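# Analysis of the macromolecular model
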Amino acid sequence: MDSLNYLLENGLTLEEIERLKDRDGLTIDQLAEAAESIIARNGSLTGDFLAWEEPIPFDTIDTPNFPIESLPGPLSAFVECLAESTQTPEEMAGILSLGVLATAFQSKYEVEVTPDWREPLCLYPVAVAPPGERKSAVFSALTKPIYEYEAERRQAEAVEIAQNRAERALLEKALQAAQTRATKGKKADLEAGREEALALSAELAQFQDKHPFRLLADDTTPEKLVDIMDTQNGCITVASAEGGIFDSMAGRYDKGANFDVYLKGHAGDPITIDRIGRKQNSIDAPRLTMMLTIQPEVLGGLMNNATMRGRGLCGRFLYVMCKSKVGWREISPSTIPMTVKADYRAFVRRILADPGAGTVRLSPQADEIRKQYQGHIETKLGSEWEFMRDWGCKLVGAMVRIAALMHAAQVQGDPTETPISPEVMASAVSIAEFLGPHAMAAYQIMGADESQSAARYILKRLSMASTTRITRSELTRLCRGRFNRSDDMDPALKVLEERGYIREVESDVGYNNRTKTAYLINPAIAGIDGKHGNDAA
């Protein structure tokens, strides 16, 4: 084949051919081989060959916007206005608002999916955003009514709690006195002292301590968290705009810290802890919600801890990768209307004061939606979500929890007497659909997707090689040590091709019509365009 004539006959000009030679560092024959491969795949030389588009960075992931309309009315309006006022992405306030619902209802209700499947109503929403994204402002606005309600309850119950503590102290002193009489008193008083000591011991064993009312806790150790839950009927929400508890979970386990409370608190499994010299912690039905904002760097530590991933902790979080608005924020945005603030405050106070308890159930129509969505997720678990099965296997349960929370927040009357409607379940499905791509993005940053991790490695090696064309055998040698076989590179190479970093071509070697695979490399990788160079990886 006359390479030059072939290129000219297929629409390239001499000027374009020379430009390609200079840009890509290829010979005429190599350009013809690449052109032949593109034409064989019905590609266009002028579109696919002449122009290398900017490659898609690995940290750039197409994630959907939060479906604000799915939230209950007052919550939806407040989230939208809060995002505008703080100039933050709606998904930040949106995901954290689910933690507000869980804080209100986790101690009161559970949801029954089938007679053998029940879910508690606690959630672990986490918004992931870089520094400077006004996470604290969003956090403060969402939790302010909760802290206000908590403070009012503590003040109203302060006298009762003080009297309760005094009553325990009096009983303990009376027991000590009775024990003294039973062991050191006169012979006639020994039996009376003994009977009194036994009676007081029984009374103290049945004594119900009262503690200051709490709904929220900040960063704390797992041991202290269990103590707090034990004083609050087994329920608490960890709310932190700094995400320090995430750091402790990622780093302290290697030092012997125990994160069973985070596993059992999410699942509702009993917690029993015996510690030398301290009272036993025994919680039959723990309920733990966590509302967190963290920086992207924190995610990397999670996958590096095999124990955390292996025991399923990573799969319990509802990750949201917030799109930064920094650089495009309005200087004087609209403030939250007073009516919206008032409606949100009244809404939160109402759900916190809900005296109900019991089991929420699905209507037949809502359950049918659940089944269809569960089938949809099941197919993903065997294909595109295989690398994050630990998260995907819990998504339907999380979706049903969200549906029950929204149902309890907006139904008229007792949530246990009216089943979850198909409309509410459909709204929960839309939130679950939003969460899926965000989890994929989070797991990619965490390095859980091996094909993504391998693609980054190959990209880094290609960047260091500073070439615009490489054969398959050359690439295998370049990445020796990372891959056992050449075929092991295929998933990673597919990722690189989809992101516009490489193009596969076939090169005729002239022997028995055999061909070998080669790859054209986007000039941006090697820095030939003067922009990226080794930073491309």
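Because the structure is predicted, anything quoted here is derived from the model rather than measured. (Residues numbered from 1 in each chain as written. Predicted model: local features only at pLDDT ≥ 70, side-chain atom pairs only at ≥ 80, totals over all residues. Heavy atoms only, no water.)

## Focus on helix H15 (residues 364-381)
With 18 residues, H15 extends 26 Å from end C-alpha to end C-alpha; this agrees with the ideal 26 Å at 1.5 Å per step. Every buried residue of H15 is accounted for by Ala366, Asp367, Arg370, Tyr373, Ile377, Lys380 and Leu381. The buried residues of H15 occupy an angular sector of 125° when the element is viewed end-on, so they sit on one face. Relative to its buried face, H15 has exposed residues pointing more than 90 degrees away, namely Pro364, Gln372, Glu378 and Thr379. (Helix = DSSP H or I, 4+ residues; strand = E, 2+ residues; numbered from the N terminus. Expected span 1.5 Å × (residues − 1). Buried < 20%, exposed > 50% of the residue type's maximum accessible area, 1.4 Å probe, protein only. Arc of directions from axis to C-beta.)

## Observations concerning the environment of alanine 454
The topology assignment puts alanine 454 in helix H19 (residues 450-465). Judged by its relative accessible area of 5%, alanine 454 is buried. When the C-alpha positions of alanine 454 and methionine 489 are compared, they lie 7.6 Å apart, and in sequence the two are 35 residues distant. Not counting residues within four places of it along the chain, the set of residues in contact with alanine 454 comprises Arg482, Phe483 and Ala492. (Contact = heavy atoms within 4.5 Å.)

## Notes on the sheet that holds strand S2 (residues 117-120)
Ordered by their spatial adjacency, 3 strands build an open sheet running S2-S1-S10, and the pairing between neighbours is mixed. Strands with a single pairing partner mark the edges of an open sheet, and in this sheet they are S2 and strand S10 (358-361). Taking the axes of each pair of neighbouring strands and ignoring which way they run, one obtains an average angle of 35° across the sheet. (Pairing = 2+ DSSP bridges. Axes fitted to C-alpha atoms, helices over the stretch in contact; angles between N-to-C directions.)

## Concerning the packing of aromatic side chains
Under the defined criterion, the tally for this structure stands at 10 aromatic pairs. Judged by centre distance (5.3 Å) and plane angle (45°), the ring pair of tyrosine 124 and phenylalanine 317 falls under tilted. Here the residue tyrosine 124 occupies a position in the loop between S2 and strand S3 (125-128), and phenylalanine 317 occupies one in the loop between helix H13 (306-310) and strand S9 (318-321), the gap between them amounting to 193 residues. For the pair tyrosine 124 and phenylalanine 317, a shared accessibility class is recorded, and that class is buried. Aromatic side chains phenylalanine 387 and tyrosine 443 sit 6.5 Å apart centroid to centroid with 70° between the ring planes, which places their arrangement in the edge-to-face category. (Phe/Tyr/Trp six-rings, centres within 6.5 Å; stacked < 30°, edge-to-face > 60°.)

## Structural notes on the packing of helix H7 (residues 135-184) against helix H14 (residues 338-352)
For any two helices packed against each other, the geometry comes down to the angle between their axes and how far apart the axes lie. The geometry of H7 relative to H14 is characterised by a closest axis approach of 10 Å and an angle of 50° between their N-to-C directions. Relative to H14, H7 is oriented oblique. When you trace H7 past H14, the crossing you get is right-handed. Residue-level contacts link Ala141, Leu142, Pro145, Ile146, Glu148, Tyr149 and Glu152 of H7 to Tyr344, Arg345, Val348, Arg349 and Leu352 of H14. Among the residues forming the contact of H7 with H14, the class breakdown is 8 nonpolar, no polar and 4 charged. (Parallel < 35°, antiparallel > 145°, perpendicular 65-115°, else oblique. Left-handed = near helix turned anticlockwise from the far one by under 90°. Nonpolar A, V, L, I, M, F, W, Y, C, P; charged D, E, K, R; others polar.)

## A look at the layout of surface pockets
Approximately 900 Å³ is the volume found for the largest pocket. Lining the largest pocket are 30 residues, and of these His211, Asp230, Thr231, Gln232 and Asn233 sit closest to its centre. When contributions to the lining of the largest pocket are tallied by element, the ones reaching two or more residues are helix H6 (90-105), H7, helix H9 (222-231), strand S5 (235-240) and strand S7 (281-283). Broken down by element, the lining of the largest pocket gets its largest block of residues, 5 residues, from H7. (1 Å grid on protein atoms, 1.4 Å probe; cavity = no way out; pocket = protein on both sides within 12 Å on 5 of 7 lines; lining within 4 Å. Points joined across faces, edges and corners; volume = space filled by probe spheres on them.)

## So, unusual backbone geometry
Note: most residues except glycine have negative phi, and most peptide bonds are trans. Of note in the backbone geometry, arginine 134 takes a positive phi value of approximately 65° without being a glycine. Here arginine 134 lies in the loop between S3 and H7. A positive phi is found at asparagine 233, a non-glycine position, where the angle reads about 55°. Mapping asparagine 233 onto the fold places it in the loop between H9 and S5.

## What about helix H11 (residues 260-267)?
Along H11, the residues classified as buried are Val261, Tyr262, Leu263, Gly265 and His266. Phi for glycine 268, located one or two positions after H11, is positive at around 80°.

## Description of the nonpolar core
Counting residues in hydrophobic clusters, the biggest one holds 111 residues, and the most contacted among them are Tyr262, Tyr319, Ile420 and Leu435. Apart from the residues lying within four places of it in its own chain, the contact partners of isoleucine 420 are Val111, Val360, Arg361, Leu362, Ser363, Ala366, Ala403, Ala404, His407 and Met425. (Core = buried A, V, L, I, M, F, W, Y, C linked by side-chain atoms within 4.5 Å.)

## Observations regarding a nonpolar patch on the surface
A surface patch of nonpolar side chains, amounting to about 240 Å² of accessible area, comprises Leu4, Leu8 and Leu14. Within the secondary structure, leucine 4 is located in helix H1 (residues 3-9). Relative accessible area serves as the criterion here: at 32%, leucine 4 is assigned to the partly exposed category. (Patch = residues over 30% accessible without salt bridge, like charges linked within 9 Å, V, L, I, M, F, W, Y side chains within 5 Å. Areas by Shrake-Rupley, 256 points an atom, 1.4 Å probe, with all protein chains shown as cover. Salt bridge = Lys/Arg side-chain N within 4 Å of Asp/Glu carboxyl O.)

## Structural notes on the sheet that holds S3
With respect to topology, 5 strands assemble into an open sheet ordered S4-S5-S8-S3-S9, the strand pairing being parallel. Strand pairing shows two members of the sheet lacking a second neighbour, strand S4 (216-217) and S9, which therefore form its edges. Relative to strand S8 (residues 287-294), S3 is paired through 3 bridges, and the arrangement is parallel. Pairing of valine 128 across the sheet is with isoleucine 294, part of S8. Those strands touched by H9 are S4, S5 and S8, and its axis lies near 135° from that of S5.

Note that all results are geometric; they support no functional claim without further evidence.
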